[in-house]
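Residue-level structural notes
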Amino acid sequence: MTAETAEAPATSPFERVGGHVAMRRITDRFYDLMDQDPAYADLRAIHGADLSDMRAQLPSFLAGWAGGPRDWFEANPGKCMMSAHGGIPITPETAGQWADAMTRAIADVEVADREIAAAMADVLSRMARGMARG
């Protein structure tokens, strides 16, 4: 392979895990777990009956958060995770369930770079647990 044909290495976590395809797989697995596994019943109970809007938005949020396209952030100027979840009663238990479900989702799906995916799971878990109130 010559320098002219070599591809530049993926640099952002978004690129390293596999881009939009990986973010969609993680999101789908996360919401499937939340919907189907009784271990996440309390987490599921604080969400609305229809998860389709969240299923549509989370991959875009994760993409921007992980260094990819910032479409979600541009569509939601000034919004952060705390303000987006301000009206939701997040307890240490539901935060822990979210963290566990996301960690499982990331572990369950095929990603291009398992090491960066594990690091993302760790940071997202800490972020979720930090949002607990009460």
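Note that the coordinates shown come from a computational prediction; the quantities given were computed from them, not determined experimentally.

1. Notes on the packing of aromatic side chains
With the rule as written, the count across this model stands at 5 aromatic pairs. Put simply, the rings of Phe30, Tyr31 and Trp98 touch in pairs and so form one group of aromatic residues. The positively charged end of arginine 70 is found above the aromatic ring belonging to phenylalanine 73, 4.2 Å away from the centroid.

2. Describing helix H2 (residues 19-36)
Between the first and last C-alpha of H2 there are 26 Å, a value that for 18 residues agrees with the 26 Å anticipated at 1.5 Å per step. Listing the buried residues of H2 in full gives Gly19, Ala22, Met23, Ile26, Thr27, Phe30, Tyr31, Leu33 and Met34. Angular distribution of buried residues about the axis of H2 spans 155°; they occupy a single face of the element. Every exposed residue of H2 that faces more than 90 degrees away from the buried side is listed here: Val21 and Gln36. In this structure, the buried residues of H2 make contact with helix H1 (13-17), helix H3 (41-45), helix H4 (52-65), helix H7 (92-108) and helix H8 (114-130).

3. Here we look at the pattern of salt bridges
As enumerated under the stated definition, the model contains 8 salt bridges in all. A salt bridge links aspartate 108 to arginine 29, with the nearest nitrogen and oxygen atoms 2.8 Å apart. Of this pair, aspartate 108 sits in helix H7 while arginine 29 sits in helix H2, placing them 79 residues apart in sequence. The exposure class of arginine 29 is partly exposed, given its relative accessible area of 28%. The partner of aspartate 32 in a salt bridge is arginine 55, and the shortest N-O contact between them spans 2.7 Å. Taken together, the positions of aspartate 32 in helix H2 and arginine 55 in helix H4 put the pair 23 residues apart, joining distant regions of the chain. The network of salt bridges with common partners includes Arg24, Asp28, Asp32 and Arg55.

Rules used in this analysis
- Residues numbered from 1 in each chain as written.
- Predicted model: local features only at pLDDT ≥ 70, side-chain atom pairs only at ≥ 80, totals over all residues.
- Heavy atoms only, no water.
- Phe/Tyr/Trp six-rings, centres within 6.5 Å; stacked < 30°, edge-to-face > 60°.
- Lys NZ or Arg CZ within 6 Å of the ring centre and 35° of its normal.
- Helix = DSSP H or I, 4+ residues; strand = E, 2+ residues; numbered from the N terminus.
- Expected span 1.5 Å × (residues − 1).
- Buried < 20%, exposed > 50% of the residue type's maximum accessible area, 1.4 Å probe, protein only.
- Arc of directions from axis to C-beta.
- Contact = heavy atoms within 4.5 Å.
- Salt bridge = Lys/Arg side-chain N within 4 Å of Asp/Glu carboxyl O.

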